[in-house]
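A closer look at the structure
The residues making up each chain are set out below.
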Amino acid sequence: MSDSSPEYKRILLKLSGEALMGSGDYGIDPDMITRVAGEIKNVVALGVQVGVVIGGGNIFRGAGLAQGGMDRVTGDHMGMLATVMNALAMQDALEKLDVPARVMSALSIHQVCEDYIRRRAIRHLEKGRVVMFAAGTGNPYFTTDSAASLRAIEIGADIVIKATKVDGVYTDDPMKNPDAKRYDSLGYDEILEKKLMVMDATAIVLCRDSDMPLRVFSINNEGDLLRMIKGEPVGTVVK
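Below: a short report on this structure. None of the values given here were measured: they were computed from a predicted structure.

So, how was this worked out
Residues numbered from 1 in each chain as written. Predicted model: local features only at pLDDT ≥ 70, side-chain atom pairs only at ≥ 80, totals over all residues. Heavy atoms only, no water. Helix = DSSP H or I, 4+ residues; strand = E, 2+ residues; numbered from the N terminus. Buried < 20%, exposed > 50% of the residue type's maximum accessible area, 1.4 Å probe, protein only. Core = buried A, V, L, I, M, F, W, Y, C linked by side-chain atoms within 4.5 Å. Contact = heavy atoms within 4.5 Å. Phe/Tyr/Trp six-rings, centres within 6.5 Å; stacked < 30°, edge-to-face > 60°. Lys NZ or Arg CZ within 6 Å of the ring centre and 35° of its normal. Salt bridge = Lys/Arg side-chain N within 4 Å of Asp/Glu carboxyl O.

Mapped onto the elements, Gly-38 comes out in helix H1 (residues 30-44). For Gly-38, a relative accessible area of 19% translates into the label buried.

Spelled out as structure tokens, the structure:
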């Protein structure tokens, strides 16, 4: 496939907060976020419209705070604010590479970013701006995976692309089980039945019910995102 004809016109890229830590164990690694921004820039250069949802696990995770005794709703609100911090960092990294970017938050924080308004988001995408969808769905008890599925459906994306630490979906955790096998393709119901930890069940059901394809790949394999956009068989596809 030539550079001038990418496989997708509009994508929703889901990044975990942990992906931004790089080799660290907390926060944002400047080298890592610059590299990821560079990969997004290469995709934008093909004329692809890019929406991004970033988790907040590198800073705060609401469910983890709740296990420690904090009120779950309070913990989830803190987690949403962590995603705003990550989205602002990604916006900065993209703009340093001359890629126009906007942060749109499900929580109103007018001093630092725009409110999420679907029509405005689509307008930004049509103008070639990368849109970071921050603060999850704006509701507690919903993960940023669910937010990624929801925003992808709302903006009419062609696919949800989930970046993880492994190069696809496996029969078992490949970090713990060296005999785990990677799937090239899967069905949504198969993921739910086998309880494969791709995304949470709500996110998978949202994709299934809206016929939204999902592809899982490793953010650590430099260049894989661009190869995928060009139509190469990278990672695991769910449809």
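Here the narrative resumes.
Here the focus is the nonpolar core. Core analysis: the largest hydrophobic core is formed by 42 residues, its most contacted members being Ile-40, Met-90, Val-130 and Met-132. Elements represented by at least two residues in this core include exactly strand S1 (10-15), H1, strand S2 (49-54), helix H3 (72-96), strand S3 (101-105), strand S5 (130-134), strand S6 (159-164) and helix H8 (224-229). Apart from residues no more than four positions distant in its own chain, Val-130 is found in contact with Ile-40, Val-44, Val-50, Val-52, Leu-94, Val-99, Pro-100, Ala-101 and Arg-102. Counting residues in hydrophobic clusters, the runner-up holds 30 residues, among them Met-104, Ala-147, Val-169 and Leu-196.

The next thing to look at is the packing of aromatic side chains. The final tally for this structure, using the stated rule, is 1 aromatic pair. Taking the ring centre of Tyr-116 as reference, the NZ or CZ of Arg-151 above it sits at 3.8 Å.

This structure, assessed with the given rule, holds 15 salt bridges. Where Lys-162 meets Asp-145, a salt bridge forms, and the shortest distance between an N and an O atom there is 3.1 Å. On the criterion of sequence distance, the pair formed by Lys-162 in strand S6 and Asp-145 in helix H5 (residues 144-155) is long-range, its members being 17 residues apart. Across this residue pair, the class does not change: Lys-162 and Asp-145 are buried. Between Arg-182 and Asp-167 there is a salt bridge, with the nearest N and O atoms lying 3.9 Å from each other. Remark: Asp-167 occurs in the loop between S6 and strand S7 (169-170) and Arg-182 occurs in strand S8 (residues 182-183); sequence separation between them is 15 residues. In this structure Arg-182 comes out as partly exposed when scored by relative accessible area, which is 34%.

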